[in-house]
Amino acid sequence: MYDAARAHLHTVRDLLRFAVSRFQEAELFFGHGNATAWDEAAYLTLHTLHLPLHQLDPYLDARLLPTEIDAVLQQIEARVTTRKPAAYLTQEAWLGDYRFYVDERVIVPRSFIAELLPHALEPWIEYPELVHRALDLCTGSGCLAILLAEHYPDAEVDGVDLSTEALEVAAINVEQYGLQDRVRLLESDLFTAVEGETYDLIVSNPPYVDAPSVAALPDEYLHEPELALGSGEDGLDATRAIIENASRLLNPHGVLVVEMGHNREALEPQYPALAFHWLATSSGDGFVFLLTREQLVEAGF
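All of these numbers come straight from a predicted model, not from anything done at the bench.

1. Remarks on the state of the cysteines
Counted under the stated rule, the structure contains zero disulfides. There is no disulfide at Cys138, and the cysteine sulfur nearest it, in Cys143, is 12 Å away. The exposure class of Cys138 is partly exposed, given its relative accessible area of 22%. For Cys143, a relative accessible area of 7% gives the class buried.

Following this line, the structure appears as structure tokens:
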């Protein structure tokens, strides 16, 4: 198919149309940074051609060299035949304006917490300078730990993860941002390696997919570490452990922020004494909650 197509593909526009058709025909799933076949085609094409990712229009009718066409077609073929998320093919993922190295040792970054830092937390953290120590639980690629360091310039940040392979990727990203002196990476099963430490802010995007949903995940998700997806039958094992143990690691007036997918209706009845603050995100207000240390202590945790 691709050999026959080469003779008829000359421009960026041609490649985009071809890619969208192939992606639609293959019934790919898009949930790792791009929402549609068009978005995925545009990203892979621009990245492969070393063009600005946010400037498609000026290049649509640019005629391409045969080697450039071949390079884009190879990426299109890889996306269709392997079902790997585009981030693994390009070894990069974006959270807003921040680029991170990724590979199959880590889940592809896609956290709502990134869009909430720091402004959505201002009712609880009035000034960034008030955060002197911060913790990112289940840091994966290190993206949230790095964003904490970027948004809270006076903070020392710990990023912990159960996976040594994930921490290897996180170390790459910490070095790329020049944050080795401010971001410490630790192998840890949640709080185990940081017992005795205290923080002004703890954030976490832990595993939260329930068992039935894990069993039904599209092929694209099967390339991600299983450890980073599922968390018990109802998807809340890690979230419960965080809620029930965070207070002793939070300073007075400290804040806990946790992302937990579509599990709000399952979570709230388990903690009737807690008045969760649900933060507004680009997809709604049921995906990220905030609790203060005082709330956790008053609820007996």
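We are not done yet, so read on.
2. Comments concerning the UniProt feature "domain: Methyltransferase small" (unreviewed entry) in the protein chain
The sites that UniProt annotates as "domain: Methyltransferase small" (unreviewed entry) are residues 132–211. Counted over residues 132–211, helix gives 29% and strand 28%. Its end C-alpha atoms are 37 Å apart.

3. A few points about the nonpolar core
Counting 32 residues, the largest nonpolar core has Leu121, Leu148, Tyr152, Val157, Leu201, Val257 and Val288 as the members making the most contacts within it. Elements supplying a minimum of two residues to this core: α6 (113–116), α7 (143–151), β6 (199–204), β7 (250–259) and β9 (288–292). Once residues within four sequence positions are removed from consideration, Val157 is found in contact with Ala134, Ala145, Leu148, Ala149, Arg182, Val183 and Arg184. The next biggest cluster of nonpolar side chains, apart from the first, holds 28 residues, and it includes Ala19, Phe23, Ala42 and Val80.

4. Observations regarding helix α8 (residues 164–176)
In this model α8 runs 19 Å from its N-terminal to its C-terminal C-alpha over 13 residues, within 8% of the 18 Å that 1.5 Å per residue would give. Taken together, the buried positions of α8 are occupied by Ala166, Leu167, Val169, Ala170, Asn173 and Val174. Buried residues in α8, looked at end-on, bunch into an arc of 160°, giving them a common side. Contact partners of the buried residues in α8: β2 (98–100), α7, β4 (156–161) and β5 (183–187). Near the N-terminus of α8, the side chain that reaches the backbone nitrogen of Glu165, with its oxygen 3.3 Å away, is that of Ser163. Positive phi appears at Gly178, one or two residues downstream of α8, with a value of about 65°.

5. Focus: the environment of Leu179
Inspection of the secondary structure puts Leu179 in the loop between α8 and β5. Taking the relative accessible area as the measure of exposure, Leu179 reaches 6% and is therefore buried. On a C-alpha basis, the gap between Leu179 and Pro207 in space is 26 Å, while along the polypeptide they are 28 residues apart. Aside from chain neighbours lying at most four places away, what touches Leu179 is Ile146, Ala149, Glu150 and Val174.

6. What about the packing of helix α2 (residues 12–26) against helix α4 (residues 66–82)?
Relative to each other, α2 and α4 sit at 15°, their axes nearing to 10 Å. Looking at the two axes, α2 sits roughly parallel to α4. For the element pair α2 and α4, the recorded crossing hand is right-handed. Mapping the contact onto sequence places Leu15, Phe18, Ala19, Arg22, Phe23 and Ala26 in α2 and Ile69, Val72, Leu73, Ile76, Arg79 and Val80 in α4. Across the contact of α2 with α4, the residue classes break down as 10 nonpolar, no polar and two charged.

Criteria and thresholds
Residues numbered from 1 in each chain as written. Predicted model: local features only at pLDDT ≥ 70, side-chain atom pairs only at ≥ 80, totals over all residues. Heavy atoms only, no water. Disulfide = S-S within 2.5 Å. Buried < 20%, exposed > 50% of the residue type's maximum accessible area, 1.4 Å probe, protein only. UniProt positions renumbered as here; feature names shortened; annotations may be inferred. Helix = DSSP H or I, 4+ residues; strand = E, 2+ residues; numbered from the N terminus. Core = buried A, V, L, I, M, F, W, Y, C linked by side-chain atoms within 4.5 Å. Contact = heavy atoms within 4.5 Å. Expected span 1.5 Å × (residues − 1). Arc of directions from axis to C-beta. Polar contact = N/O pair within 3.5 Å; in protein donor to acceptor, adjacent residues only side chain to side chain. Axes fitted to C-alpha atoms, helices over the stretch in contact; angles between N-to-C directions. Parallel < 35°, antiparallel > 145°, perpendicular 65-115°, else oblique. Left-handed = near helix turned anticlockwise from the far one by under 90°. Nonpolar A, V, L, I, M, F, W, Y, C, P; charged D, E, K, R; others polar.

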